[in-house]
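A closer look at the structure
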Amino acid sequence: MRNTFIDSVCERFNVFLIIGILFSFSFLLIPISNASNSIISDDFNDNSIDSSLWTSSQKGSGPTITETNQRLEIYFPANSADDPKESNFSAGYMSVCTLRGDFDIQVDYELLNWPNSNGVRVSLMVEPYADADKSVSRVSFGDSYNDFYGYNREVYITDYDNEVQGFISTSDTSGKLRLVRSGSTITGYYYSSNNWVTIHSSSATTDDVNFYLLAWSDNYDFTDQDVKVAFDNFTVNQGQLICPETSTTPTPAASPSPAPTLPPLPTPQLSPRPVQEG
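Residues numbered from 1 in each chain as written. Predicted model: local features only at pLDDT ≥ 70, side-chain atom pairs only at ≥ 80, totals over all residues. Heavy atoms only, no water.

Our next topic: the sheet that holds strand β2 (residues 54-59). Overall, antiparallel pairing links the seven strands, which are arranged β2-β5-β14-β7-β8-β9-β10 in an open sheet. Both outer strands of the open sheet, β2 and β10 (163-169), are each paired with one neighbouring strand and no more. Each strand axis lies, on average, 15° off the axis of its neighbour in the sheet, ignoring direction. Note: strand β7 (residues 121-127) against strand β8 (residues 134-140), six bridges, orientation antiparallel. Directly across from M125, in β8, lies its bridge partner S135. (Pairing = 2+ DSSP bridges. Helix = DSSP H or I, 4+ residues; strand = E, 2+ residues; numbered from the N terminus. Axes fitted to C-alpha atoms, helices over the stretch in contact; angles between N-to-C directions.)

What follows deals with the pattern of salt bridges. Evaluated as defined, the whole model comprises ten salt bridges. K176 is paired through a salt bridge with D108; the nearest N and O atoms lie 3.1 Å apart. Taken as a pair, K176 in strand β11 (residues 174-182) and D108 in strand β6 (residues 98-113) lie far apart in primary sequence, 68 residues in all. For R121, the salt bridge is made with D221, and the minimal N-O distance between the two is 3.6 Å. You can see R121 sitting in strand β7 and its partner D221 sitting in the loop between β14 (210-217) and β15 (227-242), a full 100 residues away along the chain. R121 sits in the buried class, given a relative accessible area of 5%. Look at the salt bridges and you will find they share partners, linking R71, E73, E110 and K228 into a network. (Salt bridge = Lys/Arg side-chain N within 4 Å of Asp/Glu carboxyl O. Buried < 20%, exposed > 50% of the residue type's maximum accessible area, 1.4 Å probe, protein only.)

Tracing the backbone through its elements, the reader meets T170 in the loop between β10 and β11. Looking at T170, the relative accessible area reads 13%, which means it is buried. A distance of 2.9 Å separates a polar side-chain atom of T170 from the backbone nitrogen of D172. Residues within four places of T170 in sequence aside, it is in contact with R138, E154, V155 and Y156. (Polar contact = N/O pair within 3.5 Å; in protein donor to acceptor, adjacent residues only side chain to side chain. Contact = heavy atoms within 4.5 Å.)

Time to look at the nonpolar core. One finds I105, L124, L179, F211, L213 and F234 to be the most contacted residues of the largest nonpolar core, which totals 40 residues. Of the residues forming this core, the biggest block, six residues, is contributed by β6. Contacts of I105, omitting those with residues within four sequence positions, involve L99, L124, V126, L177, R178, L179, F211, F234, T235 and V236. Core analysis: the next-biggest nonpolar cluster, separate from the first, contains seven residues, F141, V155, I157 and V164 among them. (Core = buried A, V, L, I, M, F, W, Y, C linked by side-chain atoms within 4.5 Å.)

Time to look at the confidence of the model for the protein. Here the protein averages 81 in pLDDT, and 73% of its residues register 70 or above. Below pLDDT 50 for its whole length, residues 15-19 participates in zero contacts with residues either more than four positions away or in separate chains. Taken together, the stretch residues 270-278 has pLDDT below 50 and engages in 24 contacts with residues farther than four places along the chain or on a different chain. (pLDDT = per-residue confidence, 0-100.)

So, about the side chain of T158. Take T158: it is sitting in strand β9 (residues 154-160). Setting aside anything within four residues of it in sequence, one finds T158 in contact with S135, V136, E163, V164, Q165, G188, I199 and H200.

Time to look at the environment of V120. Structurally, V120 can be placed in the loop between β6 and β7. Taking the relative accessible area as the measure of exposure, V120 reaches 0% and is therefore buried. Between the C-alpha atom of V120 and that of S140, which follows or precedes it by 20 residues, the distance is 5.7 Å. When residues no more than four places from it in sequence are discounted, the contact partners of V120 are F76, W114, R138, V139, S140, W216, S217, F222 and V227.

Summed over the entire model, instances satisfying the criterion amount to 15 aromatic pairs. Seen from their ring centres, F89 and F222 are 5.2 Å apart, and the 80° between their planes marks the pair as edge-to-face. Taken together, the residues span a long stretch of sequence, with F89 in strand β5 (residues 89-95) and F222 in the loop between β14 and β15 at a distance of 133 residues. Across the pair, F222 and F89 agree in class, each one buried. A ring pair is formed by F141 and F167, whose centres lie 6.2 Å apart and whose planes are at 40°; its orientation type is tilted. (Phe/Tyr/Trp six-rings, centres within 6.5 Å; stacked < 30°, edge-to-face > 60°.)

What follows is the structure, given as structure tokens:
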């Protein structure tokens, strides 16, 4: 009788042991979610350009771009001037990869030295190759007569195919910009009081697009004052990244593939400006 009781206890112990082991292994089969749901991001904390993600570009005389202080800083000295071939000056990062399909991208910005009415645009931009750009921007309109006469000087705007919308007055010296494409509609947002605020939506191409972090102005708008801005915490929340193929191992008897040709940094188009009548 005693042996029967012991055998029964052992059998139950073995059952519980097996259940415990299976329960423990089940945790190993459950994927552990990442703290961030982003597809790709760059916080610039290494103070060095990530060449797998970005190329750097500068146009005109004066502007400089530096990844420093764990952010991307762009400086326009007061004597900045247009590239004669481009009719503007700018500095920024352009993506190596393109985005396909629906996408959702965002970036933080900070206005480190930002005189009122300086004429500089701080933009999160996408551009399909050989097509007009789409951007959301924190802007300081420059010359009060020529640069959007009658509008508030410090604003958020969107600019889709040279059609400026929004003109949302702001005193923000830091914030977030966001672009979202859903189907053939693109929407620009800014961040306020812990919420994303829509600026404007418009139709958009469904082509693959490069993305840009860009600050720019031109001789027409710039009011000859030192300006310094920074980008930080760029994130692709949604979208399919299409990147140039790279290979470190040559394939015998195969023709070498040409190096991918990246589109140039976009030339911001100057939107028609309301001018004073009379």
